[in-house]
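# Structural description and commentary
Letter by letter, the chains look like this.
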Amino acid sequence: MLTSVLPFTPEMAATVTQYCTEHSTDVSPEMKEVWDWTCGEFEDADKMSSPLQGTTMKFLASWAGAKRVLEFGAYSGYSALAWYEATKQTQAEIITLELDPKMIAATRTTIAKYNLGDRLTVIEGPAQQSVEKLTGMFDIIFVDANKDGYLGYVKAVLDQKLLSPKGLIMCDNVFARGMTISTESNPQLPDKVRPYWTECGKALQKFNTYVKNDPRIDVVLLPVYDGVNISFKLAAAERPPGGAGRKPVGGHAEGADARRHVAAAVVAGFGASAEMQPAREPPRCRVGVYARAPRRVDQLGAPGTPPPSPPGMRPAMTGCA
Ligand SMILES: C[S@@+](CC[C@H](N)C(=O)[O-])C[C@H]1O[C@@H](n2cnc3c(N)ncnc32)[C@H](O)[C@@H]1O
C-alpha cells in the first residue's frame, strides 16, 4: 500500500505539480490574468491559491451545483473568481470575507474588471464578526483566512446552521507547511517564516482535532496541497448519541451525496499532493520561468486582455497557499 503522500523531493514536487497542471483543465484567461497580476503586484502573493487549486475549486463547485458560496479570506479575489465562474449555471451568490483594506481594494478591482458584482460581494472586516451576522445556508464554505480563526469560523458555521444539508466546508492549509504535524517535519521551511507557521500549526492542531470530534460533521483530511480538510454535515439520523466520538460513515442520502463530492475532490487533488512541499523561499509567489515586471492596478488591461506571458512560455504553476 502506498502512503498518502509520495516521497517527493522539492524538485520532483515542482515537476509533478507542473505535470498535473498541464494535464488538468486550464483555468480561464480571466483567472490566469488575475493570478499573473496578483503575483506581479503583491509581495506575499503566495497567499493566493494556485491555478491547480483554482481548477479543483471550479470542479468541486460545479459538481456540487452550488447555489451559495461563502469564503473566508478573499486576498485578491482569485478564488472568488473561481467560485463565480464555476457557478454560472446556478447563478450562485458568492460572499467573501476580507479584513485587509489593501486586499479589499484588490478584490474590488477584480470584481469591477470582470463585472462580477451581480453575484459576488465582499464583506469587509474581521471574518468572525462578519460570519456571526450571516443567515441562510451555503453549499460550499471555503475557509482560507487567518489560521488561528479556523476553529471559531467552523464553529460559527455549524452553530448558526449555515451549512446546507448537502454542503461542504473546505479548509485550506491545515498542515501549516507541516508544522501542524510536527515542527520537525519540514527542515526546509525557511527560518524567516518558521515562527509564523509554527504558531499556525499549534492552532491548526486544535482545529483538526475539533472537526474530527464535532458530532455534527464528518471529515476527511486530504494530504494534498498544504493539507485540505473537507467536512460535511451529518444528517440527524447519522449523529451518534451523546456528542463527540466515532461517527458512522455512509448510509444517508445527503451524506452520501457529499461524500461523492469528497471523492471527486480526492481524485481532482491527488496528483497535487506535491504542492504541500515546503516553500523554498519566504512568502513570495513562485512565478516560475520568466520574470514579470510588477504592474499597478491601473495598468491592468481591459477584460480579456491576454496575460503577459512570452510566446510559448507559461508561469510555473507551483502552489501558493
Ligand atoms: C490565504 S489568503 C486568501 C487567498 C484566497 N482565498 C485565494 O485563494 O486566492 C488569506 C486572506 O485572509 C485575510 N484575513 C486574514 N485574517 C482575516 C480576518 N480575521 N478576517 C478576514 N480576513 C482575514 C487576509 O488579509 C488574506 O487576504
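Residues numbered from 1 in each chain as written. Predicted model: local features only at pLDDT ≥ 70, side-chain atom pairs only at ≥ 80, totals over all residues. Heavy atoms only, no water.

## Points about the overall build of the protein
- Scanning the protein from terminus to terminus reveals 9 helices and 7 strands.
- Buried positions account for 55% of the 321 residues belonging to the protein.
- Looking at the protein alone, contacts between residues at least 24 apart form 77% of all its contacts between residues at least 6 apart.
- Taken as a whole, the protein presents about 14200 Å² of accessible surface, with 59% of it coming from carbon and sulfur. (Helix = DSSP H or I, 4+ residues; strand = E, 2+ residues; numbered from the N terminus. Buried < 20%, exposed > 50% of the residue type's maximum accessible area, 1.4 Å probe, protein only. Contact = heavy atoms within 4.5 Å. Areas by Shrake-Rupley, 256 points an atom, 1.4 Å probe, with all protein chains shown as cover.)

## Description of the packing of helix H2 (residues 29-41) against helix H5 (residues 101-113)
- Between H2 and H5, whose axes approach to 12 Å, the crossing angle comes to 150°. When the interaxial angle is binned, H2 and H5 end up roughly antiparallel. Note that H2 runs across H5; the crossing there is right-handed. Where H2 abuts H5, its residues Glu-33, Val-34 and Trp-37 lie against Ala-106, Thr-109, Thr-110 and Lys-113.
- Taken together, the residues that form the contact of H2 with H5 break down as 3 nonpolar, 2 polar and 2 charged. (Axes fitted to C-alpha atoms, helices over the stretch in contact; angles between N-to-C directions. Parallel < 35°, antiparallel > 145°, perpendicular 65-115°, else oblique. Left-handed = near helix turned anticlockwise from the far one by under 90°. Nonpolar A, V, L, I, M, F, W, Y, C, P; charged D, E, K, R; others polar.)

## Some words on the site of the ligand
- The local shell around the ligand holds 21 residues, among which Ser-49, Gly-73, Ser-79, Glu-98 and Asp-144 are the closest.
- For the ligand, an oxygen atom lies 2.5 Å from a polar atom in the side chain of Glu-98.
- Between the ligand and Asn-146 there is a distance of 3.3 Å, counted from a nitrogen atom to a side-chain nitrogen or oxygen.
- More than half of the atoms belonging to the ligand lie within 2 Å of the grid points that define the largest pocket.
- Counting only elements with at least two residues in the shell around the ligand, the list comes to helix H4 (78-86) and strand S2 (93-98). (Near = heavy atom within 4 Å. Polar contact = N/O pair within 3.5 Å; in protein donor to acceptor, adjacent residues only side chain to side chain. 1 Å grid on protein atoms, 1.4 Å probe; cavity = no way out; pocket = protein on both sides within 12 Å on 5 of 7 lines; lining within 4 Å. Sits in = over half its atoms within 2 Å of the grid points.)

## Considering the packing of aromatic side chains
- Enumeration over the complete set of coordinates arrives at 7 aromatic pairs.
- Geometrically, the ring pair formed by Trp-83 and Phe-142 is edge-to-face, given 5.6 Å between the ring centres and 70° between the ring planes. Within this pair, whereas Trp-83 is found in helix H4, its partner Phe-142 is found in strand S4 (residues 138-143), the two being separated by 59 residues in sequence. A single burial state applies to Trp-83 and to Phe-142, both of which are buried.
- Members of the aromatic cluster, each reached through a chain of ring pairs, are Trp-37, Phe-42 and Tyr-75.
- Positioned over the ring face of Phe-138 is Arg-68, at 4.0 Å from the centre of the ring. (Phe/Tyr/Trp six-rings, centres within 6.5 Å; stacked < 30°, edge-to-face > 60°. Lys NZ or Arg CZ within 6 Å of the ring centre and 35° of its normal.)

## Remarks on the pattern of salt bridges
- Evaluated as defined, the whole model comprises 12 salt bridges.
- A salt bridge links Arg-108 to Glu-124, with the nearest nitrogen and oxygen atoms 2.8 Å apart. Taken together, the residues span a long stretch of sequence, with Arg-108 in helix H5 and Glu-124 in strand S3 (residues 120-124) at a distance of 16 residues.
- On the basis of relative accessibility, which here comes to 38%, the residue Arg-108 falls in the partly exposed class.
- Its salt-bridge partner being Asp-159, residue Arg-216 comes within 2.7 Å of it at the nearest N-O pair. Taken together, the positions of Arg-216 in the loop between helix H8 (194-213) and strand S6 (217-222) and Asp-159 in helix H7 (residues 150-159) put the pair 57 residues apart, joining distant regions of the chain.
- Salt bridges here are not isolated pairs; linked through shared partners, they connect Lys-155, Asp-159, Asp-214 and Arg-216. (Salt bridge = Lys/Arg side-chain N within 4 Å of Asp/Glu carboxyl O.)

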